[in-house]
Amino acid sequence: MKYFRVHIALVFVALAVLLGVVSFETRSSRGQSQSPKADSHVKPTILKTDPRDALAEKASSIFAAAGERNAALQNELVWTFGGKQQRGWYLYDALINQSLNTQNEASSGGFAAALASWQKKVGLNSSGVLDEESLNRMISEWQKNRLKDRNYAQSDQLVTAPAADFYDPERVAELRQVERETFAAYKRMLAAAIADRSLNLAHTPEGGLAPTEKYFKIVSAFRSREYQDQLRRQSPNAGSAGLAVNSPHFTGRALDFYVGGDPVDTKDSNRAIQVKTAVYQWLVRNAERFGFRPYFYEPWHWEYVK
Ligand SMILES: [Zn+2]
């Protein structure tokens, strides 16, 4: 019975949104077909008596309430990832907006409406509230999109990238290996990022990153098992995900880019800096076009999935 009632409520909300849209469109097309003079005769009181508007108002107040809830959960939702307690989802705003195809602030009714339609699409209660269940579902979608083939790279699949492409220009050749196609895709993506004047990346006349530019440089690429073991020994308290035993870096198709802050520090305060940079936000919006997909928890880590 409870589920039945919830179902009816959802149908009501969906209907209200639909009628709201229809009524809005009807009104705008009416406006377009009439002369400006005729428009002035339309009395605003008509809007109040239209029952479809009452429904649309109801829907918008539901989403406004969801927006208030989201504004709180954005910073306070307690959830778990990688065996660690997490607080809020503000670090994932850019990824969430990308998944929902919206630009709205999390506290807005527009965000709640976009979320509700995503929730409906994936079969969740379309409340418009980004609660733990919806967040976990979104994360599992992101995780599903990551590199599937995690085979250890063969040496003939790897190329040694120039030191100038690396965040640390002293990085030894052995640690500058990248899977061939991944490196070519990185170069294509980099050219697009340099061409995007809004990022203001310092570059050379040849189209590479200038030695003074840190953003977009590669922090880490292919890692051998031996090197990964060494890293793990150096930082035994590093997150299990960061220095995984079966790392995607073994494939040569995972690249860590410099996106701001401390290059690869998972502390919330550091990631909060990284996810606000223009370069990170550009990656969230554009990397997919070049075949790169994110690991949501590490703003710097991108995987070439083609
Ligand atoms: Zn990485």
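Above: the structure in question.
Residues numbered from 1 in each chain as written. Predicted model: local features only at pLDDT ≥ 70, side-chain atom pairs only at ≥ 80, totals over all residues. Heavy atoms only, no water.

Novice: I keep staring at the environment of tryptophan 118 and nothing clicks. Help me out?
Specialist: Mapped onto the elements, tryptophan 118 comes out in helix 6 (residues 109-121). Overall, tryptophan 118 belongs to the buried group, its relative accessible area being 7%. Taking the C-alpha atoms as reference points, tryptophan 118 and glycine 128, ten residues apart in sequence, are found 8.8 Å from one another. Here tryptophan 118 is in contact with Ser99, Leu100, Leu124, Ser134, Arg137, Met138 and Glu141, once residues within four sequence places are set aside. (Helix = DSSP H or I, 4+ residues; strand = E, 2+ residues; numbered from the N terminus. Buried < 20%, exposed > 50% of the residue type's maximum accessible area, 1.4 Å probe, protein only. Contact = heavy atoms within 4.5 Å.)

Novice: Got a minute to help me understand the pairing of strand 1 (residues 78-81) in this structure?
Specialist: In strand 1, alternate side chains face the same way, and those of Trp79 and Phe81 are buried while those of Val78 and Thr80 on the opposite face are not. Across four bridges, the pairing between strand 1 and strand 2 (residues 84-87) is antiparallel. Directly across from phenylalanine 81, in strand 2, lies its bridge partner lysine 84. Hairpin connection, strand 1 to strand 2: the antiparallel pair is bridged by two residues, and glycine 82 has positive phi, about 60°. (Pairing = 2+ DSSP bridges.)

Novice: Would you take a moment to explain unusual backbone geometry for this structure?
Specialist: A positive phi angle is found at asparagine 200, which is not glycine, with a value near 55°. One can find asparagine 200 in the loop between helix 8 (180-195) and strand 5 (218-220). On the basis of relative accessible area, asparagine 200 is assigned to the exposed category, the value being 66%. Of note, phenylalanine 216 is a non-glycine position whose phi angle comes to about 75°, a positive value. Relative accessible area serves as the criterion here: at 0%, phenylalanine 216 is assigned to the buried category.

Novice: It is not clear to me how the sheet that holds strand 5 should be interpreted in this structure. Could you clarify?
Specialist: Note: strands within a sheet are paired through backbone hydrogen bonds, in either parallel or antiparallel orientation. What the four strands build is an open sheet, ordered 5-6-8-7; its pairing is antiparallel. Each having just a single partner strand, strand 5 and strand 7 (292-295) make up the two edges of the open sheet. This sheet shows a mean twist of 45° between the axes of neighbouring strands, independent of strand direction. By the bridge criterion, two bridges tie strand 5 to strand 6 (residues 254-257) in an arrangement that is antiparallel. (Axes fitted to C-alpha atoms, helices over the stretch in contact; angles between N-to-C directions.)

Novice: Explain the pattern of salt bridges here, please?
Specialist: Opposite charge on two side chains allows them to pair when their charged atoms are near. For the structure on display, the rule yields ten salt bridges. Across the pair arginine 146 and glutamate 303 runs a salt bridge whose closest N-O atoms are separated by 2.5 Å. Of this pair, arginine 146 sits in the loop between helix 7 (132-144) and strand 3 (158-160) while glutamate 303 sits in strand 8 (residues 298-304), and the two are 157 residues apart along the sequence. Across this residue pair, the class does not change: arginine 146 and glutamate 303 are buried. For aspartate 229, the salt bridge goes to arginine 232, with nearest N and O atoms at 2.6 Å. Within this pair, aspartate 229 and its partner arginine 232 are both found in helix 9 (residues 225-234), separated by three residues, close to a single helical turn. Overall, the relative accessible area of 26% leaves arginine 232 in the partly exposed class. Members of the salt-bridge network, linked through shared partners, are Arg137, Glu141 and Lys144. (Salt bridge = Lys/Arg side-chain N within 4 Å of Asp/Glu carboxyl O.)

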